[in-house]
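Geometric and topological summary
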Amino acid sequence: MSTNPLSQDALKAMVAEAALAFVPEGSYIGVGTGSTVNLFIDALAARGLSIKGAVSSSEASTQRMQALGLPVIDLGAVERMTVYIDGADEIDGHGCMIKGGGAALTREKIVAAQAKRFVCIADISKRVEVLGSFPLPVEVIPMAAPEIVRRFAIWGGKAELRMHQGQPKVTDNGQHLLDVHGLEIRDPLNFENQVSQWPGVVTVGVFAHQRAHVCLLGTPQGVQTLHYAGVAAMP
Ligand code: 5RP
């Protein structure tokens, strides 16, 4: 990792460390996926905070936590987690996000929905006014992909099949991903509602229903803690 305090990696490390304050001893937590979350996992293990269990959103995070001796549990083993910690590809001024750059959006949405509070950890480059500059990930059932591509084209979006080593990228759930370029998502809740209903869409990477309660934003001036109005944490 770079030692330049203004580098993106340094900002990610700052927010990963700051997120530990949201993890009570002896609690169940949900853990997202990605490079920022990897730093959070490392910080959690290094701090030696004792948690009852962590529900993971991906095979990658599971492996990293297990390698560090953190207790990973199945989602079914816990009804509510105290907190869900995850990164984002973009976050707007209301805590709505684009997620899925790391291909884990479906499990991320499932796990986030069972947590009382979503704490997003992100460097300042992720903060946007309008979602959509980052190509929107959409997990799809492969046979439905061509029609979903056509539907996005009607909205001005160019959907591309995500590839990995010359083959379609296969998610942890055995499905494919589209990345949709050229969207301006001005009403994330309505957008998520509509796309979620298209046949063959497994998960759209707009997190409006599961928007963040809090964002720890890494800036050159330090970590800003942003609370979003109207997002009540579950009791
Ligand atoms: C993975 C995600 C990640 O949270 C998102 O891609 C941000 O990743 P990073 O922390 O590496 O910037 O949604 O599916």
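Everything in this summary refers to the structure shown in the same document. Remember, predicted model here, so these are calculated numbers, not experimental data. (Residues numbered from 1 in each chain as written. Predicted model: local features only at pLDDT ≥ 70, side-chain atom pairs only at ≥ 80, totals over all residues. Heavy atoms only, no water.)

What the protein contains, in helices and strands, is 6 helices and 16 strands. Against the 2.2 N^0.38 benchmark of 18 Å for 235 residues, the protein shows a C-alpha radius of gyration of 17 Å, consistent with a compact globule. With respect to the three principal axes, the spread of C-alpha positions in the protein is 50 × 40 × 40 Å. Counting the 235 residues in the protein, one finds 50% classified as buried. Intrachain contacts of the protein at a sequence separation of at least 6 include 71% that bridge at least 24 residues. For the protein, the accessible surface area stands at approximately 10600 Å², while carbon and sulfur atoms represent 52% of it. Averaging the positions of the 19 positive and the 22 negative side-chain charges in the protein gives two centres separated by 2 Å. (Helix = DSSP H or I, 4+ residues; strand = E, 2+ residues; numbered from the N terminus. Rg over C-alpha atoms; globule rule 2.2 N^0.38 Å. Buried < 20%, exposed > 50% of the residue type's maximum accessible area, 1.4 Å probe, protein only. Contact = heavy atoms within 4.5 Å. Areas by Shrake-Rupley, 256 points an atom, 1.4 Å probe, with all protein chains shown as cover. Lys, Arg positive; Asp, Glu negative; His and termini not counted. Charge placed at Lys NZ, Arg CZ, Asp CG, Glu CD.)

To continue, consider the site of the ligand. Neighbouring the ligand are 17 residues; Ser-35, Thr-36, Asp-89, Gly-100 and Lys-126 lie closest to it. Lys-126 has a polar side-chain atom sitting 2.7 Å from an oxygen atom of the ligand. In isolation the ligand has 370 Å² of accessible area, and contact with the protein removes 92% of it. For the shell around the ligand, a count of residues per class yields 3 nonpolar, 8 polar and 6 charged. (Near = heavy atom within 4 Å. Polar contact = N/O pair within 3.5 Å; in protein donor to acceptor, adjacent residues only side chain to side chain. Nonpolar A, V, L, I, M, F, W, Y, C, P; charged D, E, K, R; others polar.)

Per the stated rule, a full pass over the model turns up 13 salt bridges. Here Glu-59 and Arg-107 are joined by a salt bridge, their closest N and O atoms 3.2 Å apart. A residue pair is termed long-range when its members are at least 10 positions apart, and Glu-59 in helix α3 (residues 59–67) and Arg-107 in helix α4 (residues 105–113) qualify at 48 residues. Owing to a relative accessible area of 39%, Glu-59 belongs among the partly exposed residues under this scheme. (Salt bridge = Lys/Arg side-chain N within 4 Å of Asp/Glu carboxyl O.)

As a further point, take the nonpolar core. Counting residues in hydrophobic clusters, the biggest one holds 24 residues, and the most contacted among them are Ile-29, Phe-40, Leu-44 and Ile-85. Listing elements by their share of this core, those giving two or more residues are α1 (8–18), β1 (28–31), α2 (35–47), β4 (83–86), β7 (118–123) and β15 (214–219). Not counting the four nearest positions on each side in its chain, Ile-29 is found in contact with Val-23, Phe-40, Leu-44, Ile-51, Gly-53, Ala-54, Val-55, Met-81 and Val-83. In terms of nonpolar packing, the next biggest core, distinct from the first, is built from 23 residues, Ala-145, Val-195, Trp-198 and Val-206 among them. (Core = buried A, V, L, I, M, F, W, Y, C linked by side-chain atoms within 4.5 Å.)

Here we come to the sheet that holds strand β6 (residues 97–98). An order of β5-β6-β14 is seen for the 3 strands of this open sheet, with the pairing classed as antiparallel. A single partner strand is all that each edge strand has here, and the edge strands are β5 (90–91) and β14 (206–207). Summarising the sheet, β5 and β6 pair through 2 bridges and their orientation is antiparallel. Bridged to Ile-91 within β6 is Met-97. (Pairing = 2+ DSSP bridges.)

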